[in-house]
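# Per-entry structural report
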Amino acid sequence: MAYDSKLKSQFIDELFDAFMLLESKEEYYRFFEDICTVKEIQSLAQRLKVAKLLREKKTYNEIEEITGTSTATISRINRCLSYGADGYNLILDRLEKKEG
């Protein structure tokens, strides 16, 4: 069954199509450095780290100390892990499989 995103649009489809054409980590760095600000890239990486730490059962205080992320953002990510589109869980499962 296909996922029906609330965000779906032609522009976002084209962006995701562009992501799928990247072939190496270097190409990701080059593309993201052009398309995003440094802060945006850091925020995305920070959110993924928070999701990993939440799955490791770290407390909000521990996560805040490790990442510098606000408890409001940690709470939002936690809600996404439990009730979201399952995107975090999808990628975290794959990362765990790759690392394991």
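Scroll up to find the structure.
The paragraphs below set out a description of the structure included in this document. Here the structure is a predicted model, which means the values were calculated and not measured.

Moving on: the layout of surface pockets. Counted as a void, the largest pocket has a volume near 2,400 Å³. As for the largest pocket, its lining consists of 37 residues, and the residues nearest its centre are F16, F19, L44, G87 and I91. For the lining of the largest pocket, the elements supplying multiple residues, two or more each, are α1 (10–21), α2 (25–35), α3 (38–55), α5 (71–83) and α6 (87–99). The leading source of residues in the lining of the largest pocket is α6, at 8 residues. A class-by-class count of the residues in the lining of the largest pocket yields 21 nonpolar, 3 polar and 13 charged.

Turning our eyes to something else, we now look at the pattern of salt bridges. On inspection of all chains with the given rule, the structure shows 5 salt bridges. With its nearest N and O atoms 3.5 Å apart, the salt bridge here joins E26 to R30. Pair noted here: E26 and R30 are both in helix α2, with a separation of 4 residues, about one helical turn. On the basis of relative accessibility, which here comes to 53%, the residue E26 falls in the exposed class. E96 is the salt-bridge partner of R55, the closest N and O atoms lying 2.9 Å from each other. Of this pair, R55 sits in helix α3 while E96 sits in helix α6, placing them 41 residues apart in sequence. The class for E96 is partly exposed, based on a relative accessible area of 45%. Here the salt bridges do not stand alone but share partners, grouping R55, D93 and E96 into one network.

Conventions adopted
- Sequence positions are assigned chain by chain, starting from 1 and proceeding in written order.
- Under the rules for a predicted model, residues below a pLDDT of 70 receive no local features and side-chain atom pairs below 80 are neither given nor counted, while totals for whole chains, interfaces and linings still include all residues.
- Only hydrogens and water are removed before side-chain values are computed, so all heavy atoms of the structure are retained for them.
- Using only the protein atoms, space was sampled on a 1 Å grid; points where a 1.4 Å probe fits but cannot get out form cavities, open sets with protein on both sides within 12 Å along at least five of seven lines form pockets, and lining residues are those with an atom within 4 Å of a point.
- Grid points are joined across faces, edges and corners, and a volume is the space filled by probe spheres set on the points.
- Every helix listed is a DSSP run of H or I at least four residues long, and every strand listed is a run of E at least two residues long, numbered separately from the N terminus.
- Note that Gly is not counted as nonpolar here; it falls among the polar residues with everything else outside the nonpolar set of Ala, Val, Leu, Ile, Met, Phe, Trp, Tyr, Cys and Pro and the charged set of Asp, Glu, Lys and Arg.
- Any Lys or Arg side-chain nitrogen located within 4 Å of an Asp or Glu carboxyl oxygen qualifies as a salt bridge.
- Only protein chains enter the accessibility calculation, which uses a 1.4 Å probe; a residue whose area is less than 20% of its type maximum is buried, one above 50% is exposed, and one in between is partly exposed.

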